[in-house]
Amino acid sequence: TGLAVGMGLGQALLVLLAAYTVMPAKDPLLNICMDAKHHKTKPGPEGMLHDQCAPWKDNACCTANTSLEAHKDQSNLYNFNWNHCGLMPPKCKSHFIQDTCLYECSPNLGPWIDQADSSWRRERILHVPLCKEDCEEWWEDCKDYVTCKENWHKGWNWATGTNRCPWGSMCRPFSHVFPQPKDLCEKIWSNSYKYTTEHRGSGRCIQMWFDPAQGNPNVVVAKYYAWKKRSSPAWMEDVTPETDKAVCALPWPVLVLLPLALMVLPERAGGCGSHGWGSL
């Protein structure tokens, strides 16, 4: 009878251990919204996101009103005017709208959230690895537009309440201000983006543009870079993380009871490998 009780206790403890290990730990770098001017405190469904922001409707950091404002020439989001050097062509403007939608709506930018020393936001994104096609198409569709500034984050003349070219600056073609796609993507928003040679669908770069019917490709990208950020500096380029595996960090009550479970059922116990419990 004692043996049966012991076996029952051991089995119960192992069930408890299994329950803890199959539940993936919440990663603080994943599925989060940055602490900025218009962002929600946490991501969630938004059924009515406007036009180009609609791909994020199933899980968004932006509200429907923010997504609507993102499409306006003179948006109330930041009082920023795209047409500071004349009318921005629609094909060029579409990239800036998509850029705004990604920034405001995406819950997949956690690995690149950084502290901001700004009066209007406490956090920003820094060095987000943008897919090669997204960056190069942005540059190609905007190269004939004109602008007076390389960095659009700062240095404007705000005397009228909206951004105007600073005194003494000249409006020049995009292709002069940003000679290469890399210049545009990295310089225009103070290194918010990083130009990469990674392609859409590679799982190694963030896409501004994607088909929501195929799912959000940036979820996998965020997982990869969150894993990379947690890894040691000596990580290998060709190692692929095993995502969604059980976590080995267990709550202290389970760790206290673990030796008892192992004593009662030694043949059932498995070792804790690099990502989860080996035999449970």
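Since the model is a prediction, treat every value here as computed from it, not as a measurement.

## So, unusual backbone geometry
Move 1: At N31, a position not held by glycine, the phi torsion is positive, near 55°.
Move 2: With respect to the helices and strands, N31 occurs in the loop between α1 (2–22) and α2 (64–69).
Move 3: Positive phi, normally seen in glycine, also occurs at S190, with a value near 55°.
Move 4: In this structure, S190 sits in the loop between α6 (181–187) and β6 (193–195).

## Some words on the environment of W167
Move 1: Within the secondary structure layout, W167 lies in the loop between β4 (146–147) and β5 (172–173).
Move 2: Exposure remark for W167: the relative accessible area of 80% places this residue in the exposed category.
Move 3: Along the chain, W167 and W156 lie 11 residues apart, while their C-alpha atoms are 9.0 Å from each other.

## Regarding the nonpolar core
Move 1: F96, W138, W152, F174, I188 and W189 are the most contacted members of the largest nonpolar core, which totals 49 residues.
Move 2: Elements that contribute at least two residues to this core include exactly α3 (90–105), β3 (128–130), α4 (132–142), α5 (174–177), α6, β6 and α7 (218–230).
Move 3: Top element by residues in this core is α3. It accounts for 7 residues.
Move 4: Each residue touching I188, except ones within four places of it in the same chain, is listed here: F96, W138, E150, N151, W152, H153, F174, F178 and D183.

## Let's talk about the side chain of N163
Move 1: Residue position: N163 is located in the loop between β4 and β5.
Move 2: When its relative accessible area of 2% is taken as the criterion, N163 is described as buried.
Move 3: At a separation of 2.5 Å, a polar atom in the side chain of N163 contacts the main-chain amide nitrogen of N81.
Move 4: Polar side-chain contacts of N163 include one of 3.4 Å to the side chain of T162.
Move 5: Excluding anything up to four places from it in sequence, N163 contacts N79, F80, N81, H84, W156, N157 and W158.

How each quantity is defined
Residues numbered from 1 in each chain as written. Predicted model: local features only at pLDDT ≥ 70, side-chain atom pairs only at ≥ 80, totals over all residues. Heavy atoms only, no water. Helix = DSSP H or I, 4+ residues; strand = E, 2+ residues; numbered from the N terminus. Buried < 20%, exposed > 50% of the residue type's maximum accessible area, 1.4 Å probe, protein only. Core = buried A, V, L, I, M, F, W, Y, C linked by side-chain atoms within 4.5 Å. Contact = heavy atoms within 4.5 Å. Polar contact = N/O pair within 3.5 Å; in protein donor to acceptor, adjacent residues only side chain to side chain.

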